[in-house]
Amino acid sequence: MGVTAQTAGPPRGPFAPDDAAAYTRWRDAKLAHLPARPDDLLVELADPRAVTAAERAALAERCRRHNMALFVGPVVADGTRDWLRAFARTFGLDDLDSNMLADEDGISPLTVAADGPRRAYIPYTDRPLSWHTDGYYNPLHRPVRGLVLYTVQDAAEGGENALLDHELAYIALRDADPGHIAALSQPDAMTIPPNAEPGQPPRPAQPGPVFSVDPLTGALHMRYTARVRHVVWKDDPAVTAAVAALNGLLNGGCPWVLRHRMAPGQGLLCNNVLHNRTGFRDAPDRTRLVYRARFHDRVSAA
Ligand SMILES: [Fe+2]
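Quick caveat: nothing in here was measured; it's all calculated off a predicted structure.

Conventions we followed
Residues numbered from 1 in each chain as written. Predicted model: local features only at pLDDT ≥ 70, side-chain atom pairs only at ≥ 80, totals over all residues. Heavy atoms only, no water. Core = buried A, V, L, I, M, F, W, Y, C linked by side-chain atoms within 4.5 Å. Buried < 20%, exposed > 50% of the residue type's maximum accessible area, 1.4 Å probe, protein only. Helix = DSSP H or I, 4+ residues; strand = E, 2+ residues; numbered from the N terminus. Contact = heavy atoms within 4.5 Å. Donors = N, O, S within 2.8 Å, 3.2 Å for Na, K, Ca; no water. Axes fitted to C-alpha atoms, helices over the stretch in contact; angles between N-to-C directions. Parallel < 35°, antiparallel > 145°, perpendicular 65-115°, else oblique. Left-handed = near helix turned anticlockwise from the far one by under 90°. Pairing = 2+ DSSP bridges.

Chemist: Describe the nonpolar core, naming the residues involved and giving the relevant values.
Modeler: Judged by nonpolar contacts, the single largest core of 33 residues is most densely connected at Trp131, Leu164, Tyr170, Phe211, Leu246 and Leu274. Those elements that provide at least two residues to this core are α1 (20-31), β7 (161-164), α4 (166-176), α5 (178-184), β8 (190-192), β11 (220-222) and α6 (237-251). Contacts of Leu246, omitting those with residues within four sequence positions, involve Ala169, Leu173, Met222 and Tyr224. Ala69, Phe87, Val148 and Val152 belong to the second-largest nonpolar core, a separate cluster that totals 24 residues.

This is the structure in structure tokens:
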């Protein structure tokens, strides 16, 4: 991945609007190595509590190419928070994003909540979750760059994820119309309305871009939710057109979307790619439990 120049002069690199040559080189290399199926992203781990150098390299390589990797190993349901934290740290994910509903250590057990404030949040229900990146409502200086999911128990039925590398969404939109990228890179393209939870500090309205480039690493970041009640789009015909194009891509059978239902012992390690989840149905002896950890870091090979 190219790095946007920090020196004087116009920005360069694949995500710079005026650097068509860098974009084309990066795009062609990216599209030459697409994962055709979720299995192409999958790495088997002998024990997720003790990742070997070869396993680590295989996962990091998939994340470097595709911004995500899947892993599978024996179900380790004891001390999940501790080993998941250590697992993530192996990939440079250390700076946990704490959200107001996460347990104290910032790692959330996603399961259907019978009562309490979590009931109001779709991740803690069995309802479908529409396309989004995690932490789209975060302050801009605290983006969620890395995400780990780990399935301890799957539901009796449903709970499938769709995944799309956000760099591929960028390519599809830029190829359709570079104006879509310009529109969605505006600093006020998408505003998250303020939120007030009883007993919690109110969160102010959060305007920001959909696409941004990290000035330090040159990495592309995406901030998005398809939930219409959770976002106010800029009143701008170019933004309206770009959002329609993006929604069409996500819901219109884009061939780059991967669908995967995580079985117990499976997990996702990613740079906060676009994802959704179908609804699911628990059974009395089969309650879906997925641990989620969000980080301000990106996956690295460190
Ligand atoms: Fe999510």
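Chemist: Report on the coordination of the iron ion, specifying residues and quantitative values.
Modeler: Looking at the metal site, the iron ion is ligated by His132 (NE2), Asp134 (OD) and His275 (NE2), spaced 2.0 to 2.2 Å from it. In the primary sequence, the donor residues of the iron ion line up as H-x1-D-x140-H. Remark: His275 occurs in strand β15 (residues 274-277) and His132 occurs in strand β4 (residues 129-132); sequence separation between them is 143 residues.

Chemist: How would you summarise the packing of α4 against α6 if you had to cite specific residues and measurements?
Modeler: Packing of α4 against α6 leaves a shortest axis separation of 10 Å and a crossing angle of 125°. In this view, α4 runs oblique relative to α6, as classed from their interaxial angle. Once α4 is placed against α6, the crossing between them reads as right-handed. On the side of α4, the interface is formed by Ala169, Ala172 and Leu173, while α6 contributes Ala242, Ala245, Leu246 and Leu249.

Chemist: An account of unusual backbone geometry is requested, with residue identities and associated values reported.
Modeler: A positive phi angle, close to 65°, is found at Asn67, a residue other than glycine. Here Asn67 is to be found in the loop between α2 (53-66) and β2 (68-72). When its relative accessible area of 2% is taken as the criterion, Asn67 is described as buried. One non-glycine residue with positive phi stands out, namely Asn272, at about 45°. Given a relative accessible area of 2%, Asn272 falls into the buried group.

Chemist: Break down the sheet that holds strand β12 (residues 232-233) for me, citing the residues and quoting the values.
Modeler: The 3 strands lie next to each other as β9-β8-β12, forming an open sheet whose pairing is antiparallel. Two strands close off the open sheet at either side, each with one partner strand: β9 (206-208) and β12. Taken together, the 2 bridges between β8 and β12 define a ladder with antiparallel strand orientation. Each bridged residue has a counterpart across the sheet, and for Thr191 the counterpart in β12 is Val232.

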